[in-house]
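Coordinate inspection notes
Single-letter residue listing:
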Amino acid sequence: MSTMSAKIVHVSIGRPWREVYGFAGRPENMPLWASGLASGLELDGDDWVAKGILGTVRVRFTPRNDFGVIDHTVTLDTGLQVYNALRVVPNGDGCEVMFTLLRLPAMTDEQFAADAAHVLKDLNTLKALMER
């Protein structure tokens, strides 16, 4: 497979990065802000399982770390695996939350733009939760 196009989708959040990482990095909190996982996640071995419009998906997260990395691999029912790079990094007294969106093969410009808009919506939901 050749290299896919990528877009960094990010928001600034006015809370310390460790607080945002502590909340956003807990799989059980993700349904509160990541709408693709709104049905909730259930632990199944090393993976988390969610049921949604794409069917049943398995999600495997990188271990907790001191770098703000919340990377995770999503495996769809079809067997397609999508690697999602999600980072929380310090920015002054607050932080940046950045998601690297990869353009999957055969994805149209419109689909890629819609995917980016969806990710931005989710990150803005996280921002609203953290800045209450």
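The structure contained in this document is the topic of the report that follows.

Regarding its fold elements, the protein presents 2 helices and 7 strands. Starting at the N terminus, the α and β elements of the protein follow one another as β-α-β-β-β-β-β-β-α. Over its C-alpha atoms the protein spans a radius of gyration of 15 Å, differing by no more than 12% from the 14 Å that the globule rule assigns to 132 residues. Burial statistics for the protein: of 132 residues in total, 38% are counted as buried. Counting only contacts in the protein whose residues sit at least 6 apart along the sequence, the fraction spanning at least 24 positions is 49%. With 13 positive and 16 negative side-chain charges, the protein shows a spacing of 2 Å between the two charge centroids.

Another point: the environment of Arg 58. With respect to the helices, strands and loops of the structure, Arg 58 is situated in strand β4 (residues 55-61). Using a relative accessible area of 31% as the deciding quantity, one classes Arg 58 as partly exposed. Put simply, Arg 58 and Ala 85 are 27 residues apart on the chain and 16 Å apart in space, counted from C-alpha to C-alpha. The contacts of Arg 58, once residues within four sequence positions are left out, are Asp 44, Asp 47, Trp 48, Val 49, Thr 73, Val 74 and Thr 75. A polar contact of 2.7 Å, which involves the side chain of Arg 58, links it to the side chain of Asp 44.

Moving on, we get to the pairing of strand β5 (residues 72-75). By the alternation rule, side chains of β5 split into His 72 and Val 74, which are all buried, and Thr 73 and Thr 75, of which none is buried. The pairing of β4 with β5 spans 4 bridges and is classified as antiparallel. Residue pairing across strands places Arg 58 opposite Thr 75, the latter belonging to β5. Between the antiparallel neighbours β5 and strand β6 (residues 81-91) lie 5 residues, among them Gly 79 with a positive phi of about 95°.

Moving on, we come to the side chain of Asp 47. Assignment of secondary structure puts Asp 47 in strand β3 (residues 47-52). One polar contact links Asp 47 to Arg 60, side chain to side chain, over a distance of 2.6 Å. The contact partners of Asp 47, leaving out residues within four places of it in the chain, are Glu 42, Arg 58, Val 59 and Arg 60.

Moving on, we get to helix α2 (residues 109-130). For α2, with 22 residues, the first-to-last C-alpha span of 32 Å sits near the 32 Å given by 1.5 Å per residue. Where α2 is concerned, the buried positions are Phe 112, Ala 116, Val 119, Asp 122, Leu 123, Leu 126 and Met 130. Angular distribution of buried residues about the axis of α2 spans 120°; they occupy a single face of the element. For α2, the elements touching its buried residues are β1 (6-13), α1 (17-24), β6 and β7 (94-102).

Turning next to the sheet that holds β4. On the basis of which strands lie adjacent, the open sheet formed by 7 strands has the order β1-β7-β6-β5-β4-β3-β2 and antiparallel pairing. The open sheet is flanked by β1 and β2 (42-44), the only strands paired with a single partner. Each adjacent strand pair in this sheet contributes to an overall mean axis angle of 25°, direction not counted. The sheet contact formed by β6 and β7 spans 7 bridges and is antiparallel. Each residue of the ladder has a partner; that of Val 89, found in β7, is Glu 96. Of the strands in this sheet, β1, β6 and β7 are in contact with α1, which crosses β6 at around 155°.

Reading guide: rules and limits
- Residues numbered from 1 in each chain as written.
- Predicted model: local features only at pLDDT ≥ 70, side-chain atom pairs only at ≥ 80, totals over all residues.
- Heavy atoms only, no water.
- Helix = DSSP H or I, 4+ residues; strand = E, 2+ residues; numbered from the N terminus.
- Rg over C-alpha atoms; globule rule 2.2 N^0.38 Å.
- Buried < 20%, exposed > 50% of the residue type's maximum accessible area, 1.4 Å probe, protein only.
- Contact = heavy atoms within 4.5 Å.
- Lys, Arg positive; Asp, Glu negative; His and termini not counted.
- Charge placed at Lys NZ, Arg CZ, Asp CG, Glu CD.
- Polar contact = N/O pair within 3.5 Å; in protein donor to acceptor, adjacent residues only side chain to side chain.
- Pairing = 2+ DSSP bridges.
- Expected span 1.5 Å × (residues − 1).
- Arc of directions from axis to C-beta.
- Axes fitted to C-alpha atoms, helices over the stretch in contact; angles between N-to-C directions.

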